[in-house]
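Here's the letter readout for the chains.
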2 protein chains.
Amino acid sequence: MTQELSPNIQDYLKRIYEITSSGGKASTSQLAETLGISAASVTNMLQKLSKTQPPYVTYQKHQGVKLTEAGRLAALKILRRHRLIEHYLVQKLGYTWDEVHQEAEILEHAMSPLLESRIDAALGYPTVDPHGDPIPDADLAISGVDHIALSRLAVGKHGTITRVPHEDPQVLRYLGKCGLHPGAQIQLLARTPYDQTMRVLILESGEEVVIGPSLGGQIDISET
Amino acid sequence: MTQELSPNIQDYLKRIYEITSSGGKASTSQLAETLGISAASVTNMLQKLSKTQPPYVTYQKHQGVKLTEAGRLAALKILRRHRLIEHYLVQKLGYTWDEVHQEAEILEHAMSPLLESRIDAALGYPTVDPHGDPIPDADLAISGVDHIALSRLAVGKHGTITRVPHEDPQVLRYLGKCGLHPGAQIQLLARTPYDQTMRVLILESGEEVVIGPSLGGQIDISET
DNA sequence: GGTTAAAATTAGTCTAACCTAAATTAGCTT
DNA sequence: AAGCTAATTTAGGTTAGACTAATTTTAACC
Ligand SMILES: [Mn+2]
Ligand SMILES: [Mn+2]
Ligand SMILES: [Mn+2]
Ligand SMILES: [Mn+2]
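In this text the structure is predicted, and so the values were computed from the model without any measurement.

The rules behind these values
Residues numbered from 1 in each chain as written. Chains lettered and ligands numbered in written order. Predicted model: local features only at pLDDT ≥ 70, side-chain atom pairs only at ≥ 80, totals over all residues. Heavy atoms only, no water. Helix = DSSP H or I, 4+ residues; strand = E, 2+ residues; numbered from the N terminus. Rg over C-alpha atoms; globule rule 2.2 N^0.38 Å. Lys, Arg positive; Asp, Glu negative; His and termini not counted. Charge placed at Lys NZ, Arg CZ, Asp CG, Glu CD. Contact = heavy atoms within 4.5 Å. Buried area = accessible area lost by both parts, 1.4 Å probe. Salt bridge = Lys/Arg side-chain N within 4 Å of Asp/Glu carboxyl O. Polar contact = N/O pair within 3.5 Å; in protein donor to acceptor, adjacent residues only side chain to side chain. Near = heavy atom within 4 Å. Pairing = 2+ DSSP bridges. 1 Å grid on protein atoms, 1.4 Å probe; cavity = no way out; pocket = protein on both sides within 12 Å on 5 of 7 lines; lining within 4 Å. Points joined across faces, edges and corners; volume = space filled by probe spheres on them. Nonpolar A, V, L, I, M, F, W, Y, C, P; charged D, E, K, R; others polar. Domains from an automatic or database assignment. Donors = N, O, S within 2.8 Å, 3.2 Å for Na, K, Ca; no water. Buried < 20%, exposed > 50% of the residue type's maximum accessible area, 1.4 Å probe, protein only.

A. Spotlight on the overall build of chain A. Assigned secondary structure in chain A consists of eight helices and eight strands. Computed over C-alpha atoms, the radius of gyration of chain A comes to 19 Å, within 12% of the 17 Å expected from 2.2 N^0.38 for 224 residues, which places it in the range of a compact globule. Seen through its C-alpha atoms, chain A measures out along the principal axes to roughly 55 × 45 × 25 Å. Charged side chains in chain A number 21 positive and 26 negative. The centres of these two groups are separated by 7 Å.

Structural data, given as structure tokens:
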């Protein structure tokens, strides 16, 4: 447990954390799909991660995995680095928010504790990354924000965007162009019954955007 | 040649460059020693690097290796990243010059072309790293400074330090404490005949330091 | 309760990079 | 010229982490 985990294992644990953070287990096929690795390889790795001392996941055949406490801490450690890097690249090196995820996916594995703390300090100990995701603090405590998916907001209600999906650069460029970034005030104007498409008013610009249900499910709002 | 080389290979090429930059070839045992890898493994890798398309080294059994042009460019690319990172950590994140080599040894492999150019710009396109080593420019052109080793300076002569050894943190902390950094003005007061130990006057502080011949051989001076 | 499709696992390979032990070669000394 | 030693190479093996193909299990449906 003391020695560094391999970059591959770090990515597995991080992904399991992301999949299970809203409850439940991570399945072999979910991991295979999102990590871009064959299901057979994932099974292999999950069995290995469940047999380490201490184990990082609890694994039962055909039942998917959950993180153990050791696994959760390892995942939060790398998640903290990932999000600090994203924030740093935007704040200090002029990156746009669609460029940072890919960079952070690599750099997170090359970051020493010293670099982590220097970057944290240089940013003034930030609590959220450019996409609105919370950054675990140095003790790996993570703030649970209470939010609701845009797709569940009642029609007519006002809200503030707290979080957007962070992986797909195309989506991020689109959202950025619309002004749909964390902190933006919006009002849900309408939701069509048939396909659940939403019309959203962006208060700052007065413009109206159309958001489909799958994207709307990945955007978080705090009601106001 | 287009695809990225592995971190291991990058380190091999960088080390071959460093060893051969003052002419000659790099031997298996030199590489094994300085990379901390067994000689058998080094032989293996050298044979592999000589059989790629294009080859990165010219290898003849028992004769050591030299870099090909492709190998030289690959080495300079990673050396540029290494030195940019070192400079950035010192300038922007408050690192001391003895802490940066180890960090850069890892980060150099995780640096994208975009990050490289952003850091380069943020630093104002620097030409030397914290230890006085030249940073290849974006086209991998590297400036050949004319310098002489401190151990070859004539007694009584004045000079400016241009470069110090960069790997050993202990040595660097000692040099830093003495004020022996690139740019420092010195005068060589004496060299004992028997063991070639040197007495060096640091003009800025007026203090005197004793430098042994092996360290003196790794410190470069431009005569003034 | 049996059929079936999807999901997961097992079995068998592969590559990159390392290792140790054994064999060979180069280069120096007598 | 032969012998010795240090350097190098070869041979054989390991580990991490991936792959494909074949098999097994689950879960849903009739
Ligand atoms: Mn990653
Ligand atoms: Mn993010
Ligand atoms: Mn390196
Ligand atoms: Mn340096």
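Now, onward.
B. Molecular detail of the interface of chain B and chain A. Counting residues at the interface gives 16 residues for chain B, matched by 16 residues for chain A. Of the roughly 1,400 Å² buried between chain B and chain A, counting both surfaces, carbon and sulfur atoms make up 60%. On the chain B side of the contact with chain A, Leu93(B), Ala110(B) and Arg118(B) bury the most area, a combined 36% of that side's loss. Our count for the chain B to chain A interface comes out at zero salt bridges. Counting across the interface, chain B meets chain A through nine residue pairs in polar contact (both at pLDDT 80 or more). Counting only elements with at least two residues in the side of chain B that touches chain A, the list comes to helix H4 (69-93), helix H5 (100-107) and helix H6 (113-122) of chain B. Here the side of chain B that touches chain A gets five residues from one element, more than from any other, and that element is H6(B).

C. Summary view of the protein's contact with DNA strand D. For DNA strand D, the set of nearby residues contains 21 residues, the closest of which are Ser6(A), Lys48(A), Ser29(B), Gln47(B) and Tyr59(B). Restricting attention to atoms of DNA strand D within 4 Å of the protein, one finds that 83% of them are sugar or phosphate atoms. Taking Thr28(B), its side chain carries an N or O atom lying 3.0 Å from a phosphate oxygen of DNA strand D. A distance of 2.4 Å separates a phosphate oxygen of DNA strand D from a polar atom in the side chain of Tyr59(B).

D. Highlighting the protein's contact with DNA strand C. Neighbouring DNA strand C are 22 residues; Ser29(A), Gln47(A), Tyr59(A), Ser6(B) and Lys48(B) lie closest to it. Sugar plus phosphate, as a fraction of atoms of DNA strand C within 4 Å of the protein: 79%. Between DNA strand C and Tyr59(A) there is a distance of 2.4 Å, counted from a phosphate oxygen to a side-chain nitrogen or oxygen. At a separation of 3.2 Å, a sugar or linking oxygen of DNA strand C approaches a polar side-chain atom of Asn8(B). At the level of elements, helix H2 (28-35) and helix H3 (39-50) of chain A together with helix H1 (7-20) and helix H3 (39-50) of chain B are the ones that each hand at least two residues to the surface near DNA strand C. A total of five residues in the surface near DNA strand C trace back to one element, the largest contributor, which is H3(B).

E. Highlighting the sheet that holds strand E8 (residues 220-223) of chain B. Residue and element names in this part refer to chain B. Judged by pairing direction, the sheet is antiparallel, and its six strands sit side by side in the order E3-E8-E4-E5-E6-E7 without closing on themselves. The strands lining the two open edges of the sheet, one partner per strand, are strand E3 (148-149) and strand E7 (208-211). The pairing of strand E4 (residues 158-163) with E8 spans four bridges and is antiparallel. Paired with Ile161 across the two strands is Ile221, which belongs to E8.

F. Representation of the layout of surface pockets within the structure. Quantified by volume, the largest pocket comes out at close to 1,100 Å³. Taken together, 34 residues form the lining of the largest pocket, with Glu18(B), Ile19(B), Ser21(B), Ser22(B) and Arg163(B) sitting closest to its centre. Of all elements in the fold, only H1, helix H2 (28-35), strand E2 (65-67), H4 and E4 of chain B reach the threshold of two or more residues within the lining of the largest pocket. Of all the elements, H1(B) adds the most residues to the lining of the largest pocket, at five residues. Partitioned by chemical class, the residues of the lining of the largest pocket number 10 nonpolar, 14 polar and 10 charged. Both domain 1 (1-144) and domain 2 (148-223) of chain B contribute no fewer than three residues apiece to the lining of the largest pocket. As for the second largest pocket, its lining consists of 27 residues, of which Glu18(A), Ser21(A), Asp133(A), Arg163(A) and Asp220(A) are closest to the centre. Taken together, the elements giving at least two residues each to the lining of the second largest pocket come down to helix H1 (7-20), helix H4 (69-93) and strand E4 (158-163) of chain A. Sort the elements by how many residues they give to the lining of the second largest pocket and H1(A) lands first, with three residues.

G. Inspection of the coordination of the manganese ion (ligand 2) at higher detail. Residues and elements named next belong to chain A. Protein coordination at the manganese ion (ligand 2) comes from Glu86 (OE), Asp129 (OD) and His131 (ND1), with a distance range of 2.1 to 2.3 Å. Sequence positions of the donors to the manganese ion (ligand 2) reduce to the motif E-x42-D-x1-H. Taken as a pair, Glu86 in helix H4 and Asp129 in the loop between helix H6 (113-122) and strand E3 (148-149) lie far apart in primary sequence, 43 residues in all. Like Asp129, Glu86 is buried.

H. Spotlight on the coordination of the manganese ion (ligand 4). All names here are of chain B. Binding of the manganese ion (ligand 4) to the protein goes through Glu86 (OE), Asp129 (OD) and His131 (ND1), at separations of 2.0 to 2.3 Å. Sequence spacing of the donors to the manganese ion (ligand 4): E-x42-D-x1-H. Of this pair, Glu86 sits in helix H4 while His131 sits in the loop between H6 and E3, and the two are 45 residues apart along the sequence. Side by side, Glu86 and His131 carry an identical accessibility label, which is buried.

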